Structures are given as structure tokens and as C-alpha cells.
Amino acid sequence: MTPATEAPAAVKLTDRIHRIEPSATMAAAAEAEKLRQQGIEVVDLTAGEPHFSTPQHIKDAAIAAINDNFTRYTAVGGTIELRDAIVNRHTADFGSGYKREEAIASTGGKHVLFNAIQALVDHGDEVILPVPYWVSFKDIVRYAGGDCVLLSTDEAQDFRITAQMVERLITPRTKLIILNSPSNPSGAVMSPEDQTEVIKMAAQRGIWVISDECYVYLNYTGKNFSVGSLPQYRDRVLVAGSLSKTYAMTGWRLGYALAPAQLVSAMQKLQSQSTSNPTSIVQKAAVAALNGSQQCVAEMRREYIQLRDHVVNGLRAIPGVKCTMPEGAFYAFPNISSFFGRGGINSAADLAGKLLREAHVATVPGEGFGTSDHIRISYATSVKELDRGLEKMRKFFGSL
């Protein structure tokens, strides 16, 4: 071979980058996009984002920020105005009473979780993670050098998590417990009583808890709750929040954490050496979202409940498909294991791939969430699109 035709040398990458995998949800969306690029019409039920437009008063605040030249660097963890808006909103809704120095704003909820886990988890630390879990939790922990200890839940019990279940997995190496209620992907909601018992048990043992409350305002039980409202246990608790789902602001990328000031300071130090501050313009939009009328949130929540009922009823009408009733978020998590052994299908990944290729319906296979018996369906779309997807699925499953 001449030098011009030699294959490029392999790039040696770090061990830590090999510990993680690409996001399963992003991969599923990319596969759907490939088909669309070929001119194939796809019913895409992968999206983990609202189908609503960002409310107008939030957009107006961003436009005003640009026109007012609010386009320079801000404090790393967000402006005083934004951090005050975060703590005031949380106090108004949950009675939490956090202080400004206990709040940090970051470039999306995922960034908050990444910073927090990097600050808390060291090599060899164990992190208790309930299954099914959001796709990024496991990989963020592994990137930090931690070991995930998976907590199995029972679908027949609506994926319930109790303090007793968590306690059985605690060892001297346990550093952190991750909770996510309402859950992505199952839509399960932990009762306030179960959450309180887990937090209490962890605090007594000196174990940290990260409560991912990205969907806390999309709780359909009528019992809206945040662990941040338990001040007696807050010295080992981080509440992770996001404006993405609450205000239909996914692309704006604004998340926040409420936690002890020492942990917030550590996260801010890490953030200062990575992204620095969230976009200044987005911070102004976030202030408008948090300080303004919350009627838009209530309206979106009402429509999600109608969409949830519609899609779950449609899925349950398909012979062989089982589906729990999600109590929050905007996902259904049907069990499709009865179709294993048919048509070369032996896992959720097999089924999701075949469903996409043959019926042109895009879903996310359960393997990314720790289970091979389910697929995740986002119902954050129109009734018309859901009906198209349900009809295609009905025909697909009927043909197996």
C-alpha cells in the first residue's frame, strides 16, 4: 500500500468513553429519520418531548432579551434573577423554602444529572437504580466510575418502589440512590409515602438521593409531590428539575438542581470548566416561565391525560399487548413479550426493529431502559397520529 491508500490508524480512546453507549432514544429516532430520508412516511412515537409550542410569553421574553442585548456571559450557575425564580417557584408549589445558594441552572436536566453524579460518585461506589430506568442514568454512573446496582420492580404492582426493596440492596459501598417519579419510561408515580420512606431511610444511613423530578408537573394522580418538601432530610438530597417538559422548552436546554450549598458549589465548579453558564437569552425566557402564569402547564397536563387514556385503551385493544396505566409523564410502556418466538422476534429490540422496518412505526425498545419485555411509546403527539400508529401496530401484531 502507498501512504495515500493506507487505512487510517485506529484512534485510541479512553477507557471511560468505552464504558458508555449511545442513547437508546436518540438511536431509535435516528433510525426513523433514515427511513424518512428515503421518502418513507414514519409514525414516530419515540420523541421524549412535548408536541406543544413553547408558550408565547416565554418566547416574547427571549426576543426581548435579544433586543435588550442581554447576550453576554452570566454567572456560571445562572443569574440571581433566575436562581430566585427557581427557588420561589418550587416554594410556591411544594413549600420547600430553598435558598438561592442551594440552586443551580444548567444546560438542560441531563446536564444537571451529569454534574451531580460526577460530583458524588467515585470509582467503586455503588448506585441503586430502579428498573426500568431512564436510558442515561446507567451510563452517566458508569462514566463516573460507579457501579449500578439494579432494583427490579414488579409490573403487576405498577413498578412500585418501597424503602424495604431499596434497603435490601444497600452495602457498605452504596453512595447514591436514584429516584425518578413520574418515571421515564413507565409513567409510574411513587406515592408521597413511599418517597418519604426511601428518603428517610437513606438519610439515616448517610446515603445520597437524587430525585429526578423532570416530570413532576405531569403527575396525574392528584397528589403532586417533591422530596424537596422534606427539609429534615435535605442534607443528602438533590432535586433535579427541568423546564423542558413542563413548559415545552426541550430545545431551549434549561435544567436546574436544588441541593445543599456545598454540592451546588461542586457542581458549579465542574460546570465552570465545561459549559459555563446556560445561554443568557434562555435564562430570561426561563424567568418568564417560572414567574408567569402557570395556566399553560395545567392546560398541557389536561391534554396529556386525554392522550394517555386514548393510547392505553388502543394498546389494550390489541390482542397480546399488555399495558399498565401510566400515572405521569407522557409515555406508555406496553409489555409485548407474548410475541416472542414469532416471526424471528426474541426481544423488544427485535420487535421494535421489525415494527419500524415493516409497519413504519418508530418506538424505543425496552433494552435501553433495562428490560427486554417492553417498548416505549410517546403519546406526546396528536390523536390523529396516535390513531395512525395504533392501526399500523394492530395490523402488524395481528400478522405475527
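Refer to the structure printed above.
What you see is a predicted model, and the numbers here were worked out from it, not measured in a lab.

**Q** Which residues make up the overall build of the protein, and what values do they have?
**A** Helices and strands together make up the secondary structure of the protein, namely 13 helices and twelve strands. In terms of C-alpha radius of gyration, the protein reaches 22 Å, essentially the compact-globule figure of 21 Å for 400 residues. Seen through its C-alpha atoms, the protein measures out along the principal axes to roughly 70 × 60 × 55 Å. A fraction of 74% describes how many contacts in the protein between residues 6 or more apart in sequence connect residues 24 or more apart. For the protein, the accessible area works out to roughly 17,600 Å², and carbon and sulfur atoms hold 49% of it.

**Q** Describe the sheet that holds strand β8 (residues 255-258), listing the residues and the values that go with them.
**A** Backbone hydrogen bonds are what pair the strands of a sheet, in a parallel or an antiparallel way. Across the sheet, which stays open at both edges, the seven strands sit in the order β2-β8-β7-β6-β5-β3-β4 with mixed pairing between neighbours. Of all the strands in the sheet, just β2 (103-106) and β4 (147-152) have a single pairing partner and so form its edges. Ignoring which end each strand starts from, the neighbouring axes of this sheet average 20° apart.

**Q** Mind laying out unusual backbone geometry, listing which residues take part and the relevant values?
**A** Following Val-131, the chain continues into Pro-132 via a peptide bond in cis, with omega recorded as 5°. Relative to the assigned elements, Pro-132 resides in the loop between β3 (126-131) and α6 (135-143). Note that the residue after Ser-181, namely Pro-182, is joined by a cis bond; omega there is -10°. Even without a glycine there, the phi angle at Phe-159 is positive, about 60°. Examined against the element boundaries, Phe-159 turns out to sit in the loop between β4 and α7 (163-167). A relative accessible area of 8% means that Phe-159 is categorised as buried. At His-360, a position not held by glycine, the phi torsion is positive, near 60°.

**Q** Can you tell me about the sheet that holds strand β11 (residues 364-365), naming the residues and giving the values?
**A** In spatial order, the strands read β9-β12-β11; together these three strands make up an open sheet with antiparallel pairing. Every interior strand has two partners, whereas the edge strands, β9 (331-332) and β11, have only one. Sheet topology note: the β11/strand β12 (residues 375-378) ladder contains two bridges and is antiparallel. Paired with Pro-365 across the two strands is Ile-375, which belongs to β12.

**Q** Can you tell me about the side chain of Ser-347, naming the residues and giving the values?
**A** Position of Ser-347 among the secondary structure elements: in the loop between β9 and α12 (348-359). A relative accessible area of 14% places Ser-347 in the buried class. Excluding anything up to four places from it in sequence, Ser-347 contacts Phe-340, Glu-367 and Ser-372.

**Q** Could you give an account of the environment of Glu-155, with specific residues and numbers?
**A** Examined against the element boundaries, Glu-155 turns out to sit in the loop between β4 and α7. Note on Glu-155: relative accessible area 19%, which makes it buried. Residues in contact with Glu-155, not counting those within four places in the same chain, are Thr-324, Asn-335 and His-374.

**Q** Please give an account of empty space enclosed by the protein that cites residues and values.
**A** A full pass over the atoms with the stated rule returns one cavity of 30 Å³ or more. Here the largest cavity defines a volume of roughly 40 Å³. In this structure, the largest cavity is lined by Ser-181, Pro-182, Val-189, Met-190, Gln-195, Val-216, Asn-219, Lys-223 and Phe-225. Tallied by class, residues from the lining of the largest cavity come to five nonpolar, three polar and one charged.

**Q** Could you give an account of the packing of aromatic side chains, with specific residues and numbers?
**A** Evaluation of the coordinates by the stated rule reveals twelve aromatic pairs. Geometrically, the ring pair formed by Phe-52 and Tyr-304 is edge-to-face, given 5.3 Å between the ring centres and 80° between the ring planes. Note that Phe-52 is positioned in the loop between β1 (43-44) and α3 (56-67) and Tyr-304 in helix α11 (residues 295-316), a separation of 252 residues in sequence. Taking relative accessible area as the criterion, Tyr-304 reaches 0% and is therefore assigned buried. Residues Tyr-304 and Phe-330 carry aromatic rings whose centres are separated by 5.3 Å and whose planes lie at 35° to one another, so their mutual orientation is tilted. You can see Tyr-304 sitting in helix α11 and its partner Phe-330 sitting in the loop between α11 and β9, a full 26 residues away along the chain. Note on accessibility: Tyr-304 and Phe-330 belong to one class, buried. Among the aromatic residues, those joined into a cluster by ring pairs are Phe-52, Tyr-215, Tyr-304, Phe-330 and Tyr-331. Just above the ring of Tyr-98 sits the side chain of Arg-234; from NZ or CZ to the centre is 3.8 Å.

**Q** Mind laying out the layout of surface pockets, listing which residues take part and the relevant values?
**A** Once rolled over the atoms, a probe with the size of a water molecule shows which space is left empty. Volume-wise, the largest pocket comes out at about 580 Å³. Looking at the largest pocket, it is lined by 28 residues, and the ones nearest its centre are Met-26, Gly-48, Lys-110, Trp-134 and Lys-245. Here the residues of the lining of the largest pocket sort into ten nonpolar, twelve polar and six charged.

**Q** Help me get a handle on the pattern of salt bridges, residues and values and all.
**A** Taken as a whole, this structure holds 17 salt bridges when the rule is applied. One salt bridge connects Asp-309 with Arg-308, and the closest N-O pair in it is separated by 3.1 Å. Judged by its relative accessible area of 28%, Asp-309 falls in the partly exposed class. Taken together, the shared-partner salt bridges in this structure form one network comprising Glu-33, Arg-36 and Asp-44.

Rules used throughout
- Each chain carries its own residue numbering, running from 1 in the direction its sequence is written.
- pLDDT decides what is reported in this predicted model: residues at 70 or higher carry local features, side-chain atom pairs at 80 or more are listed and counted, and totals for whole chains, interfaces and linings draw on all residues regardless.
- Think of the side-chain values as coming from all heavy atoms in the structure, minus any hydrogens and water.
- Numbering of helices and strands runs from the N terminus, with a helix taken as a DSSP run of H or I at least four residues long and a strand as a DSSP run of E at least two residues long.
- The globule rule is 2.2 Å times the number of residues to the power 0.38, and the radius of gyration it is compared with is taken over C-alpha atoms.
- Two residues form a contact once any of their heavy atoms are found within 4.5 Å.
- The method behind every accessible area is Shrake-Rupley, applied with a 1.4 Å probe, and residues are considered shielded solely by the protein chains displayed.
- A pair of strands is treated as paired once DSSP finds two or more bridges between them.
- Only the contacting stretch of a helix is used when fitting its axis, a line to C-alpha atoms as for every element, and angles between N-to-C directions run 0 to 180 degrees.
- Only protein chains enter the accessibility calculation, which uses a 1.4 Å probe; a residue whose area is less than 20% of its type maximum is buried, one above 50% is exposed, and one in between is partly exposed.
- For cavity detection a 1 Å grid was placed over the protein atoms alone, and a set of points counts as a cavity when a 1.4 Å probe fits there but cannot get out; an open set counts as a pocket when protein lies on both sides within 12 Å along at least five of seven lines, with lining residues being those that have an atom within 4 Å of a point.
- Grid points are joined across faces, edges and corners, and a volume is the space filled by probe spheres set on the points.
- Each residue receives one of three labels: charged for Asp, Glu, Lys and Arg, nonpolar for Ala, Val, Leu, Ile, Met, Phe, Trp, Tyr, Cys and Pro, and polar for the others, Gly being one of them.
- Two rings from Phe, Tyr or Trp (for Trp, the six-membered ring) form a pair when their centres sit within 6.5 Å of each other. Planes less than 30 degrees apart are called stacked, planes more than 60 degrees apart edge-to-face, and all others tilted.
- By definition here, charges over rings are those cases where NZ of Lys or CZ of Arg is within 6 Å of the ring centre and within 35 degrees of the ring normal.
- The rule for a salt bridge is simple: a side-chain nitrogen of Lys or Arg has to be within 4 Å of a carboxyl oxygen of Asp or Glu.

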